[in-house]
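A structural walkthrough
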Amino acid sequence: MDRLTFSYPAWFILFCLLLGLGYALLLYYRDNSFKDQAPWLRWLMSGLRFLGASFLAFFLLSPLLRYKQIDTRKPIVVLAQDASESVGNAIGKTKEEYQQKLERLQRDLGNDYEVKPFAFGSSVREGLPDQYEDKISNLADLFSNTYDLYGGDNLGAIVLASDGIYNEGNNPLYLGEKAAVPVFTVALGDTTPKKDLVLKRVFHNKIVYLGDQFSVLVDISAVNCAGNTTSLSVYKVDGGKTQLVSSQPLNIDRKDYFSTKEIILNADQAGVQRYRIVVNKVLGEASSNNNSQDIFVDVLDARQKILLLAHSPHPDISAIRQSISANKNYQVEVADFRDFKGNVATYDYVVLHQLPGKGVDASGVLATLDRERIPRLFITGAQTDYGQFNRVQNLVTVQTDGRNTNDVQGRFAGNFALFLLDDKLKTEFANYPPIQAPFGEFKVGGSAQVMMYQRIRKIDTQYPLFVFGEQNGARTGALLAEGIWRWRLFNFLNVDNHELFDDWVSKVTQYLGVKEDKRKFRVNVSKNIYRENEQVFFDAELYNKSYELINEPDVRLVITSEKGKDYTYTFNKSGKAYSLNAGTLPVGNYKFEGKVNSGGEQLSYNGQFSVQPIQLEQYETTADHRLLRLLSQQYGGKMVSPAEMNDIPAMIKAVGTVKPVIYENATTKSLINIRWLFAILLLLIALEWFLRRYLGSY
């Protein structure tokens, strides 16, 4: 206790005593109520009154008690255990014995220190591990977390039990500037190189396009395998079945072998494809677990399916097909309308050459295009039925008998802004030979944009030649002339290539070919390829008939593995959309289907994704005790073997810097808040009151 202070001068205590004395004299020596009682009883009651009144008055002076508190805190020792697969393999059958040593070390450290146990590998978490199954070793993450949590506290030492192998994160030696505490390491595993062939790393593009070839680079190392011959093979894994797609021999010509091999594969199937890279085992090899690695490649079918549907054969069709086919992302099909037996709904973009035409009924095809909102391009000519043409599109109206034509050239509109056209193309097109447009009257719709006007015999007119717009939610174009094959030939005659014409057709195709996603229900997976320790996330969107975002009905999701096992979920409602965390899933390819009932309509959405294995822990089997030794030496600790773990507490004490910290806190407290003093006051008053009542007074 330091001292007692008051809100008033200390000599006011004299007034408190005088007040108590006066009150006692007045009550017991001027009052004759107790004159018949024994003197000692009157003295006792007056004394109780004196003390009670004086104490009460004393508390009114608001006395404050200031005292010190001493708090001794033990130094913190972080006990970190590597929980990766490589450590699990290292301790093997001695796991139970090692666990007992580790727990004993924790108890021994707890006698003098505040022990903070952690397990680390794929992540850092509190507590010592029971299983050693982490697919990743990240030593840097452990040190970063330790410094963040205890760097500003009384951190005394770090005890790290590991094999020194890390396969993710930075080298922990480079994080040392943050540490001012000794690091003691327990060296696990075997540093003796065994005969081992290792497929160390595989480099590849995660995304390729259908029809392309892609390269896979494979790093292969071998220890003590000189003179052996093996092979490097690639298998395609599909539904649990494997198919050999590539193989090449491999000659190991030295004791410490390393080589990088390139494999060329064909992206011949769309979707997420799984490949298994295998280096075949050699005789006497210590382990074959690190001889293979699975990779996942997302093969995108970015090609748009384009249909050139013609009333009859025409050189324009050939010119358009050759220009579009120059782009590998387009898959072009040409069909005569009378022979076409396919479904136009399966195409992303349709060119209608002289359709609707004379003598053919294209109403069914046009109705499908409208229903599916498929972009289309009309090209008119001598076989076009202009009456039907005016009814099936709203971009332009052409009043003509169809028998007479004008030779016209194209003049680009100055205010066209749907997509960019370079100046060279505009200049050159002005010199291209004439093509045939119908003779008649033209009226452009209010929502249409004109890209080219007709130039007739060097006279610039306001007659449209090429117009664009939107119809029933689908982009639409109308080229009101035939004979553009002449433009492509003229382009080649001038510059020995078709680049300008092909660029023009490509820009038109790119603009019209974009089909807006008008589906009312969509389910999106955050990415197509996950690692096996990653959680799979989905989100979903649902629109009403007015295309307003809603989330009233429940959305179900069924994920199906390649083995046919179903995982069923219900989406959480988030804002006006849906979200779902499906957790971690086993390695393999998966398909998913989302379902919802909205307004009496059953909607569904399908997709796929893959989960790839993490095999990092299999590629390095030789413990790296050198790293552990450097960690201990650099930070003033020591590396020990598992048999010497019990000596670590004594080693920490010997350092001399790991000591408790004493905290001194000064506390000020009002006396009236001290319960035992208040209880004494209450006891004095209650005892006097009891005696007075017992003796017949108040």
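Everything below is about the structure shown above.
Structural notes, computed from the coordinates. These numbers come from a predicted model, not from an experiment. (Residues numbered from 1 in each chain as written. Predicted model: local features only at pLDDT ≥ 70, side-chain atom pairs only at ≥ 80, totals over all residues. Heavy atoms only, no water.)

Now for a nonpolar patch on the surface. A surface patch of nonpolar side chains, amounting to about 630 Å² of accessible area, comprises Trp11, Leu14, Phe15, Leu18, Leu21 and Leu25. Looking at the secondary structure, you find Leu21 in helix H1 (residues 12-28). (Patch = residues over 30% accessible without salt bridge, like charges linked within 9 Å, V, L, I, M, F, W, Y side chains within 5 Å. Areas by Shrake-Rupley, 256 points an atom, 1.4 Å probe, with all protein chains shown as cover. Salt bridge = Lys/Arg side-chain N within 4 Å of Asp/Glu carboxyl O. Helix = DSSP H or I, 4+ residues; strand = E, 2+ residues; numbered from the N terminus.)

What follows is about the pairing of strand E21 (residues 405-412). Taken across its eight residues, E21 has six buried, putting it largely inside the fold. Sheet analysis places E21 next to strand E22 (residues 435-438), joined by four bridges and oriented antiparallel. When the sheet's bridge partners are listed, Asp407 is paired in E22 with Gln436. (Buried < 20%, exposed > 50% of the residue type's maximum accessible area, 1.4 Å probe, protein only. Pairing = 2+ DSSP bridges.)

Our next topic: helix H6 (residues 315-325). Two residues of an α-helix separated by three or four positions point the same way, owing to the 3.6 residues in each turn. Of all the residues in H6, the buried ones are Asp316, Ile317, Ala319, Ile320, Ser323 and Ile324. All buried residues of H6 lie within an arc of 165 degrees about the axis, which places them on one face of the element. Each element contacted by the buried residues of H6 is listed here: strand E16 (304-310), strand E17 (330-336), strand E18 (349-353), strand E19 (376-379), helix H10 (485-495) and helix H11 (499-512). (Arc of directions from axis to C-beta. Contact = heavy atoms within 4.5 Å.)

What follows concerns the pairing of strand E11 (residues 229-238). Most of E11 sits out of view: seven of its ten residues are buried. Here E11 runs beside strand E14 (residues 271-279); their pairing, made up of six bridges, is antiparallel. When the sheet's bridge partners are listed, Val234 is paired in E14 with Ile277.

This part is about helix H7 (residues 363-372). Within H7, burial applies to Val365, Leu366, Thr368 and Leu369. Taken down its axis, H7 places every buried residue within 160 degrees of arc, on the same side. Buried-residue contacts for H7 involve E16, E18, E19 and helix H8 (386-392). Of the residues trailing H7, Arg373 is marked for its positive phi of about 55 degrees.

As enumerated under the stated definition, the model contains 24 salt bridges in all. A salt bridge links Arg125 to Asp134, with the shortest nitrogen-to-oxygen separation between them at 2.7 Å. Judged by relative accessible area, which is 29%, Arg125 ranks as partly exposed. Linking Lys573 and Asp554 is a salt bridge whose minimum nitrogen-to-oxygen distance equals 3.5 Å. You can see Lys573 sitting in strand E33 (residues 572-574) and its partner Asp554 sitting in the loop between strand E30 (549-550) and strand E31 (556-561), a full 19 residues away along the chain. Using a relative accessible area of 44% as the deciding quantity, one classes Lys573 as partly exposed. Sharing partners across several salt bridges, the network here consists of Arg274, Arg276, Asp294 and Glu562.

Okay, the environment of Lys458 next. Looking at the element boundaries, Lys458 is found in the loop between strand E24 (449-456) and strand E25 (459-471). For Lys458, a relative accessible area of 77% corresponds to the exposed category. Distance in space between the C-alpha atoms of Lys458 and Val408 is 8.8 Å, their sequence separation being 50 residues.

Our next topic: the packing of aromatic side chains. Under the defined criterion, the tally for this structure stands at 29 aromatic pairs. Taken together, a centroid distance of 5.4 Å and an interplanar angle of 65 degrees make the contact between Tyr432 and Phe490 edge-to-face. Here Tyr432, found in the loop between helix H9 (423-429) and E22, pairs with Phe490, found in helix H10; they are 58 residues apart in sequence, far enough to count as distant. Of the residues examined, Phe490 reaches a relative accessible area of 25% and is grouped as partly exposed. A centroid spacing of 5.7 Å and a plane angle of 85 degrees characterise the contact between Phe468 and Tyr511, whose relative ring orientation is edge-to-face. Linking Phe468 in strand E25 with Tyr511 in helix H11, this pair joins segments that are 43 residues apart in sequence. According to the relative accessible area criterion, Tyr511 is buried, its value standing at 14%. Three or more aromatic residues joined by ring pairs make a cluster, and in this case those are Phe412, Phe416, Phe419, Phe429, Tyr432, Phe466, Phe468, Trp487, Phe490, Phe501, Trp504 and Tyr511. Sitting over the face of the ring of Tyr347, Lys305 holds its NZ or CZ atom 5.0 Å from the ring centroid. (Phe/Tyr/Trp six-rings, centres within 6.5 Å; stacked < 30°, edge-to-face > 60°. Lys NZ or Arg CZ within 6 Å of the ring centre and 35° of its normal.)

Here we take up unusual backbone geometry. For the bond running from Leu355 to Pro356, omega is 0 degrees, close enough to zero to count as cis. A positive phi angle is found at Asn224, which is not glycine, with a value near 60 degrees. Looking at the element boundaries, Asn224 is found in the loop between strand E10 (213-223) and E11. Owing to a relative accessible area of 29%, Asn224 belongs among the partly exposed residues under this scheme. The phi dihedral of Arg373 falls on the positive side, at around 55 degrees, and the residue is not glycine.

Taken by themselves, the reported measurements are silent on function.
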